[in-house]
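# Structural overview
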2 protein chains.
Amino acid sequence: MPQADSFYLHDIPLEQAWQRFDQALESAGMNGVLGSEEVELDEGLIGRVTAAPVWALTSSPNYHSAAMDGFALRSETIHNAMPTAPVILAVGEQAAYVDTGDPLPVWANCVVPIENVEPLNLNGAPAANARKPEQIRLRAALPPWSHVRPMGEDIVATQLILPSGHVLRPVDLGAAAASGHKALRIAKKPAVAIFPTGSELVALGSEVRHGDIIESNSLVLAGQVHSWGGIPHRFPIIPDDLAKIRSQVLAAAEDHDLILLNAGSSAGAEDFSAQVIAELGQVLVHGVAVRPGHPVILGMLRRSDGKMIPIIGVPGYPVSAALTGEIFVEPLLARWTGRSPARPIEIEAAITRKITSPAGDDDYIRVVVGRVGERLLAAPLARGAGVITSLVRADGLTVLPRGTQGVEAGAKIRVRLYRAPELEQTIFCIGSHDVTLDLLAQALATKSRRLVSANAGSQGGLVALRRKEAHLAGAHLLDPASGKYNLAAVRQYLAGVGVNIYGWVGREQGLMVARGNPKGIKGLTDLARTDVIFINRQRGAGTRVLLDYQLEKSGITPTQVNGYDLEEFTHLAVAAAVASGRADCGLGIPAAAQALGLDFIPLFHEHYDLIIPIEFAAGPLLAPLFEIMHNETFKRDVAALPGYDISRMGTLIAETAT
Amino acid sequence: MPQADSFYLHDIPLEQAWQRFDQALESAGMNGVLGSEEVELDEGLIGRVTAAPVWALTSSPNYHSAAMDGFALRSETIHNAMPTAPVILAVGEQAAYVDTGDPLPVWANCVVPIENVEPLNLNGAPAANARKPEQIRLRAALPPWSHVRPMGEDIVATQLILPSGHVLRPVDLGAAAASGHKALRIAKKPAVAIFPTGSELVALGSEVRHGDIIESNSLVLAGQVHSWGGIPHRFPIIPDDLAKIRSQVLAAAEDHDLILLNAGSSAGAEDFSAQVIAELGQVLVHGVAVRPGHPVILGMLRRSDGKMIPIIGVPGYPVSAALTGEIFVEPLLARWTGRSPARPIEIEAAITRKITSPAGDDDYIRVVVGRVGERLLAAPLARGAGVITSLVRADGLTVLPRGTQGVEAGAKIRVRLYRAPELEQTIFCIGSHDVTLDLLAQALATKSRRLVSANAGSQGGLVALRRKEAHLAGAHLLDPASGKYNLAAVRQYLAGVGVNIYGWVGREQGLMVARGNPKGIKGLTDLARTDVIFINRQRGAGTRVLLDYQLEKSGITPTQVNGYDLEEFTHLAVAAAVASGRADCGLGIPAAAQALGLDFIPLFHEHYDLIIPIEFAAGPLLAPLFEIMHNETFKRDVAALPGYDISRMGTLIAETAT
């Protein structure tokens, strides 16, 4: 295989990649703040970065001010005052009314709070207006400078207010203003050109045909650049055409500080990024040992004036693209604006399932974090580089470094948080998937709850409850012996745990087939036909249990079913497999068939219940769930989905003892 | 005192205040999302909030795509292939080259990675272009659907992509785009009018005369409103004029959702806010039991169309104003945009000094968080409501709830973080204050270090080192017996700790006097004059030790010094006291005198050293400090300050044993 070498990128460790990039940036004079500008104080400065230290020009307050409403006077005049020997002072000459914040008269050196003063008329009677008496009587002494806010209490001229490289927040603007500034010297926003490339890409809002991909990475990259303090410039999609890519990149280099060339960074036939960069400058790195994201390219481009600027070939898979942003673009924008790179808060959590990891790469695992009972748990999300929804759901990342081959379930891992995890608001639901859980998630979101559902099948959910890794599980496990749902399985898997079983929905199960049912499928017996490809659910799924039970009743063995071993983890995934022609039919629910425009052949009716450990059933976390189960609008929305019956929703079906 | 009642606000607990506010907002129909708009996907959506759930319109990918570069084929055609029994397929009919991401040909059901394929010409020789062979040889079977990214792997049409009330991040835009959206339904930004009031206020950039205050609160409030998703509108300063305030507030009510009326919310003579609100609508709450910030007013205004909108009387002190924003404005903007209110991350830390707290109020203490050795510490900052710099420096807040009277030093407290504390970057420096520490702070900021210096005097710093509450201390403690600096005090206070003493600066000490020296002060003996008011440093300060030593040498007793008992905690504060006329002179350093435009009478020369425990001296945290001490540019900057000598900077003066 003479060319085999060219199929592989030469992945190098991340630190080594940065080292090469750093050297090139240093030589190009692109390794520090790119420039600064004077900007007036305004809320638009929030999030921008100081390019020079801010020293106080004036003191604040710049005078001694009253710290209370009351009368300013000289401490000496009342130093003999006692309850039994009051002192009377004339207002005007010896005392003056001041509101909090008023400057002290130059002759005064303390403030007696108004409530400690007897306001009098000249005749000694109480004054009508306590703030405008003719004289005041005082019955206690007060040390000098009492209730005075001295000049410079907050800010003394010349002191350091903000260092350079400081990311401005609202209070910083206030302090800069109070110390006499009208404008600040601010780091310029770096300009970043973002080029989506690929003949398969179509722009947002286009009609999507077979083989088209909606171009979305440039939005993510632009959002990142914006969040990190740069000015993103999204260019239109360029098809896979070497000359076009080259000329547009070259033109953009003239007035941008960084080019992000998205997709085409791998080693496929139409991956032109490396070639473009080599022709216009220099490829420094092609391939970094991080996953997802390894086919990244780091390089430098030469502008017409000879100046070199960096270019990053960003991989095309959405998760790879977003992580490339975090790993390479964020630190670059940080140093170009003079701020510290982002340092996510890290927490420790127990991982809920075993993860295997390629030993040669730093492996970035997206996780959702929640608390079940006393334990902090991190549930890994879909690992695929193409699954952008895994980043949407993620609370953070855990990185399994090169040289580790994975972690066991229950192991403690460090999670770099993307956001403050809503630990007191997060409901972990593991078990069987149902379309109504999305409706529930939306309804819970309006009640400050986040439903994180992992699809592990009905049995998987019960196992998760036993291992205290979920707050509730959805299950529809038929007991062939009794013909009843869930109770037998709960007794088997959750002996001694103490759970309540609540009715959720009754639903139809049946075969999803392509629109018009081209293969004329009528029922389970058709699964034994050699011209029919079936798509199955995974072991432990209630639908799989149902299938096996019904196949046996029909006298069909699994080996007779073409595709029995092809497994998907959700109803929607099964529907997608049928919709795409990958299979001819699959057992599932009508809502999934409807979602993908499939025909549905109803065969069975089943109970889908929510299994909730008693310790959580009464707690505040799940209280909104119970409200929703008894909300008529919500129930009507569920009943409107095809094949659903809400007659048992919220009913306590069974309790098991601890 | 007939009117005493009117001097006091009737503070009510925060929850009760919110309860009244909630009821009024509910009646006014102002307790939910105010409105929504359709906005195109663009980086400008970052931080905005979804006003409707986002359901997937299309699946992603919407076709089966190749997950590797290689040849698409049907699995059945190679199911007998083995190393010793290869199978040859014709390219075009039986196999087709695909790049990663390409759609699978409809007839294919798997992809063999290019590195597992032998590309051949028709004559059986290796093909020149591995991606364009005439036939391929394969030596292993592959299950169907291997290396295929199935339709819907990321997104299945109809699934929930984002709930309503979701704050958009870059990846969310990508997921919304990939699921077929071009625009999203977004909560409208609430419009907030901000009125600074007060005859003492002057606008940014004005010349500041005696009694003027630079208006800075509106900038902080506008920055907060902007950060929290509203549109702030800063109005010009209105003087204390009831009619003007009333008419402008009434006009703004027509096209804003919230009015913030800053200052005038207390009960002083010119505090008109409550009256304005009562006249234009209703005062719901006047006074909340929180500190700082208690004189807040919550009310409702009536628009010309009869609709009621909320108005908040925001206290005038900067810290009170900013906290009022956090306590009342942020939750309001959260519900108006449909998102969850901000939930700061909380950590536990040991408080470094005793705090006493008013039992009747929730007390908001600003703290800086750092790690010294293994301990997480929270150092309280200045408590005054006027000290905006305390918010600038703060990493977070700790709230001492009503009913508690304080906490002891070392007690564990919960800190609500404003920002991720830079624990590995934060250097705690407690001890004597010197102007050069501000230069050091700025220099460290460029090296990813944050210097948090607390001024506790030289002795205070040594005590903090002993209690492991600081990484270093600055000290200039004269040993009267030896005439040497610091070593004796270190031996006394840090017996057995093991520290290094590094030279920092030599500096002059002398008397700061008003410009022109109106009292003709020449030396220490003038402190005994009855017409001279002195301002002293606190007990434990090196300058205080020096004073006492020199007074004794001159035969002057403290009781002879007018003002000996008036204490300030920093050189700059002493200088400010002199500049303001509060005192005639104070002992200090020339840089402080210069900063405030004072004259300086040099009297003594002293050594200011840095005391660093051995355990920190060699660690990475302080490495940049040692770089800076040997940096010629930095030393030149220090030497340029009046009265400084840098000849011993960075020199190891002494080591003490553990």
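Residues numbered from 1 in each chain as written. Chains lettered and ligands numbered in written order. Predicted model: local features only at pLDDT ≥ 70, side-chain atom pairs only at ≥ 80, totals over all residues. Heavy atoms only, no water.

### Some remarks on the domain arrangement of chain A
- Entries for chain A in the domain assignment read domain 1 (3-30 + 189-337), domain 2 (36-61 + 153-187), domain 3 (65-149), domain 4 (346-417) and domain 5 (425-656).
- Placing the centre of domain 3 of chain A and that of domain 4 of chain A at their C-alpha centroids yields a distance of 67 Å. (Domains from an automatic or database assignment.)

### Regarding helix H2 (residues 14-27) of chain B
Residues and elements named next belong to chain B.
- Relative to the 20 Å expected for 14 residues at 1.5 Å per residue, H2 spans 20 Å between its end C-alpha atoms, a close match to the ideal helical length.
- In this structure, the buried residues of H2 make contact with strand E18 (281-286), strand E19 (290-291), strand E20 (297-302), strand E21 (308-314), helix H7 (318-337) and strand E24 (362-372).
- In the stretch just after H2, Gly29 is the one whose phi turns positive, near 65°. (Helix = DSSP H or I, 4+ residues; strand = E, 2+ residues; numbered from the N terminus. Expected span 1.5 Å × (residues − 1). Contact = heavy atoms within 4.5 Å.)

### Digging into the environment of Ser227 of chain A
- As for its position among the elements, Ser227 of chain A is in helix H4 (residues 217-227).
- Taking the C-alpha atoms as reference points, Ser227 of chain A and Glu330 of chain A, separated by 103 residues in sequence, lie 9.3 Å from one another.
- If near-sequence neighbours (up to four positions away) are discounted, Ser227 of chain A is found in contact with Ile46 and Pro170 of chain B.
- In this structure the side chain of Ser227 of chain A is engaged in a polar contact, spanning 2.8 Å, whose partner is the backbone oxygen of Gly223 of chain A. (Polar contact = N/O pair within 3.5 Å; in protein donor to acceptor, adjacent residues only side chain to side chain.)

### Side note on the pairing of strand E32 (residues 499-513) of chain A
Residues and elements named next belong to chain A.
- Of all 15 residues that make up E32, 14 are buried, and the element is covered over most of its length.
- Across 14 bridges, E32 lies against strand E36 (residues 599-613) in antiparallel orientation. Residue Tyr502 lies in a different strand from E36, and its bridge partner there is Leu610.
- Where E32 meets strand E38 (residues 652-655), 3 bridges bridge the pair, whose relative direction is antiparallel. Residue pairing for E38: Tyr502 is matched across the bridge by Leu652.
- Note that E32 and strand E37 (residues 644-645) share 2 bridges and pair antiparallel. Across the sheet, the residue bridging to Arg507 is Tyr644, located in E37.
- Two elements, E32 and strand E35 (residues 585-588), share 4 bridges in a ladder whose sense is antiparallel. (Buried < 20%, exposed > 50% of the residue type's maximum accessible area, 1.4 Å probe, protein only. Pairing = 2+ DSSP bridges.)

### Details of the packing of aromatic side chains
All names here are of chain B.
- Within the structure shown, the criterion is met by 12 aromatic pairs over all chains.
- Aromatic side chains Trp504 and Phe634 sit 5.9 Å apart centroid to centroid with 45° between the ring planes, which places their arrangement in the tilted category. Taken together, the positions of Trp504 in strand E32 (residues 499-513) and Phe634 in helix H17 (residues 632-639) put the pair 130 residues apart, joining distant regions of the chain.
- By relative accessible area, Trp504 is classed as buried at 0%. (Phe/Tyr/Trp six-rings, centres within 6.5 Å; stacked < 30°, edge-to-face > 60°.)

### Comments concerning the pattern of salt bridges
- Going through the model one piece at a time under the given rule, you end up with 64 salt bridges over all chains.
- Taking the shortest distance from any N to any O, the salt bridge between Arg402 of chain A and Glu15 of chain A comes out at 3.1 Å. In this pair, Arg402 of chain A sits in the loop between strand E26 (396-400) and strand E27 (406-407) while Glu15 of chain A sits in helix H2 (residues 14-27), placing the two residues 387 residues apart along the sequence.
- The exposure class of Arg402 of chain A is partly exposed, given its relative accessible area of 32%.
- Taking relative accessible area as the criterion, Glu15 of chain A reaches 48% and is therefore assigned partly exposed.
- In this structure, the salt-bridge partner of Arg335 of chain B is Asp22 of chain B, at a minimum N-O distance of 2.4 Å. One end of the pair, Arg335 of chain B, is in helix H7; the other, Asp22 of chain B, is in helix H2, with 313 residues separating them in the sequence.
- Judged by its relative accessible area of 26%, Asp22 of chain B is partly exposed.
- Connected through shared salt-bridge partners, Glu15, Asp362 and Arg402 of chain A make up one network. (Salt bridge = Lys/Arg side-chain N within 4 Å of Asp/Glu carboxyl O.)

### Considerations on the relation of the copies chain A and chain B
- Rotating chain A by 180° and moving it 0.1 Å along the rotation axis overlays it on chain B with an RMSD of 0.1 Å. Here the transformation between the copies is reduced to the relation of a two-fold axis. Proximity to the rotation axis, assessed at the C-alpha, singles out Ile345 of chain A in chain A; its C-alpha lies 4.7 Å from the axis.
- Residue by residue, 98% of the interface of chain A is reproduced at the interface of chain B, so both copies engage with the same surface. (Least-squares fit on C-alpha atoms with pLDDT ≥ 70 in both.)

### Some remarks on the side chain of Thr389 of chain A
- In this structure, Thr389 of chain A sits in helix H8 (residues 388-393).
- With a relative accessible area of 3%, Thr389 of chain A lands in the buried category.
- What Thr389 of chain A contacts, discounting residues up to four positions off in sequence, is Asp154, Ile155, Gln159 and Ile161 of chain B.

### Description of the nonpolar core
- Counting 85 residues, the largest nonpolar core has Leu260 and Ile312 of chain A as its most contacted members.
- The dominant element in this core, judged by the number of residues it contributes, is helix H7 (residues 318-337) of chain A, at 10 residues.
- In contact with Ile312 of chain A, not counting residues within four places along its chain, are Phe21, Leu258, Ile259, Leu260, Leu261, Val296, Ile297, Leu298, Thr324, Phe328, Val329 and Leu332 of chain A.
- In terms of nonpolar packing, the next biggest core, distinct from the first, is built from 84 residues, Ala178 of chain A together with Phe195, Val329 and Leu333 of chain B among them. (Core = buried A, V, L, I, M, F, W, Y, C linked by side-chain atoms within 4.5 Å.)

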